[in-house]
Amino acid sequence: MTVTTPTSPPVPGGDQDVDFDALAQKFVAVTRLRRPRVHLAIVVTLGVLTAVCLLATVTRASAVPLIPVAGFAAAAFAARRARTASTDRQLVTHLVAVAVAVAVSLWSMSFLTRTFL
């Protein structure tokens with residue numbers, strides 16, 4: 001009699017084998033990115049962040065706060081592409097691009113504020 005060990009350690013939720021594709025499917029299902037309200041919320045958030053950069057440009061009388069706007073534009077482009085994605089893999093890829101672009105823009109805002117202003 002041989003005893004086989006499980007391929008992965010037990011997870012508190014009960015799942016033992018978690019495949020990346022299954023994880024991506026769960027991620028897409030949870031976030032429901034195919035709904036227009038989520039896309040509207042992303043676009044509105046990007047618009048507010050861009051407005052903050054424009055307001056900082058006027059307030060500080062410097063063009064330095066305009067640098068993160070390029071990242072917000074890239075995030076808006078990726079959000080637009082995510083809306084028309086045909087597969088879940090493309091949807092997750094575009095969502096990751098949105099998240100990375102926003103994170104880099106927020107980091108650049110803080111870096112520029114500490115360095116130049």
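Residues numbered from 1 in each chain as written. Predicted model: local features only at pLDDT ≥ 70, side-chain atom pairs only at ≥ 80, totals over all residues. Heavy atoms only, no water.

Draft legend 1. Spatial organisation of the packing of helix H2 (residues 36-60) against helix H3 (residues 69-83). Relative orientation of the contacting elements H2 and H3 amounts to 170 degrees, with a least axis distance of 10 Å. With respect to H3, the axis of H2 lies roughly antiparallel. Residues Pro-36, His-39, Ile-42, Leu-46, Leu-49, Thr-50 and Cys-53 of H2 form the contact with H3, whose participating residues are Val-69, Phe-72, Ala-75, Ala-76, Ala-79, Ala-82 and Arg-83. The residue makeup of the contact of H2 with H3, split by class, is 11 nonpolar, 2 polar and 1 charged. (Axes fitted to C-alpha atoms, helices over the stretch in contact; angles between N-to-C directions. Helix = DSSP H or I, 4+ residues; strand = E, 2+ residues; numbered from the N terminus. Parallel < 35°, antiparallel > 145°, perpendicular 65-115°, else oblique. Contact = heavy atoms within 4.5 Å. Nonpolar A, V, L, I, M, F, W, Y, C, P; charged D, E, K, R; others polar.)

Draft legend 2. A look at a nonpolar patch on the surface. Taken together, Leu-40, Val-44, Val-48 and Val-52 make up a surface patch of nonpolar side chains, about 340 Å² in accessible area. Relative to the elements of secondary structure, Val-48 occurs in helix H2. (Patch = residues over 30% accessible without salt bridge, like charges linked within 9 Å, V, L, I, M, F, W, Y side chains within 5 Å. Areas by Shrake-Rupley, 256 points an atom, 1.4 Å probe, with all protein chains shown as cover. Salt bridge = Lys/Arg side-chain N within 4 Å of Asp/Glu carboxyl O.)

Draft legend 3. Representation of unusual backbone geometry. Positive phi, normally seen in glycine, also occurs at Ala-61, with a value near 55 degrees. Topologically, Ala-61 is positioned in the loop between H2 and H3. For Ala-61, a relative accessible area of 70% puts it in the exposed group. (Buried < 20%, exposed > 50% of the residue type's maximum accessible area, 1.4 Å probe, protein only.)

Draft legend 4. The nonpolar core, seen in detail. Listed in full, the 11 residues of the largest apolar core are Ile-42, Leu-46, Leu-49, Cys-53, Phe-72, Ala-75, Ala-78, Ala-79, Val-98, Ala-101 and Val-102. Elements supplying a minimum of two residues to this core: H2, H3 and helix H4 (88-115). Each residue touching Ala-78, except ones within four places of it in the same chain, is listed here: His-94, Ala-97 and Val-98. (Core = buried A, V, L, I, M, F, W, Y, C linked by side-chain atoms within 4.5 Å.)

Draft legend 5. Local environment of the environment of His-39. As for its position among the elements, His-39 is in helix H2. For the pair His-39 and Arg-83, spaced 44 residues apart in the sequence, the C-alpha separation amounts to 7.1 Å.

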